[in-house]
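# Working through the structure, step by step
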Amino acid sequence: KTDRREVRTSDTPLQISTFAKRINALADSSGMKRIGPSKISKWLVASGYLAENIITVQKEIKEVHITPKATEIGLIVQEKVDTKTGEVKNNIVLTRSAQQYILDNLESISQIDAKQ
């Protein structure tokens, strides 16, 4: 089990996938179980910080957005330009407080079944 204090948090908001990589870099060196970004997202949905919508374009996709409760822990939305299409997309990112909240709840997150 890794000491959560070893995971660096950032003043710059991070994508969930980037923060999961930071956690997993320590997991690799300590034998701790890896936690993927989908597991963190699923836990944030189960905890009421994110909500999912199923939308159908050419195929059915799951769209995730923040809830009013998300601001309590520091989840925010930033616009990001897709480098391939030039399309502006909303990107959910973790402020330092949200990163710390995830670290504080790693045990609960590891219990989530990401395949649901």
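Right, let's talk about the overall build of the chain for a bit. A count of helices and strands for the chain gives four helices and five strands. Reading the chain from its N terminus to its C terminus gives the helix and strand order β-α-α-β-β-β-β-α-α. Counting every position in the chain, which comprises 116 residues, the buried fraction comes to 34%. The contacts in the chain between residues at least 6 apart in sequence include a share of 47% that link residues at least 24 apart. Counting only carbon and sulfur atoms, one obtains 48% of the accessible surface of the chain, whose full area is about 7,500 Å².

A few words on the sheet that holds strand E4 (residues 75–81). Strand order in the open sheet formed by three strands is E1-E5-E4, with antiparallel pairing between adjacent strands. Each edge of the open sheet carries a strand with a single partner, namely strand E1 (14–15) and E4. Of the strand pairs in this sheet, E4 and strand E5 (residues 88–94) are connected by seven bridges, and their pairing is antiparallel. The residue of E5 that forms the bridge with lysine 80 is lysine 89. Contacts between helix H3 (residues 96–104) and the sheet are confined to E1, E4 and E5, with E5 contributing the most and set at about 55° to the helix.

Scoring rules and cut-offs
Residues numbered from 1 in each chain as written. Predicted model: local features only at pLDDT ≥ 70, side-chain atom pairs only at ≥ 80, totals over all residues. Heavy atoms only, no water. Helix = DSSP H or I, 4+ residues; strand = E, 2+ residues; numbered from the N terminus. Buried < 20%, exposed > 50% of the residue type's maximum accessible area, 1.4 Å probe, protein only. Contact = heavy atoms within 4.5 Å. Areas by Shrake-Rupley, 256 points an atom, 1.4 Å probe, with all protein chains shown as cover. Pairing = 2+ DSSP bridges. Axes fitted to C-alpha atoms, helices over the stretch in contact; angles between N-to-C directions.

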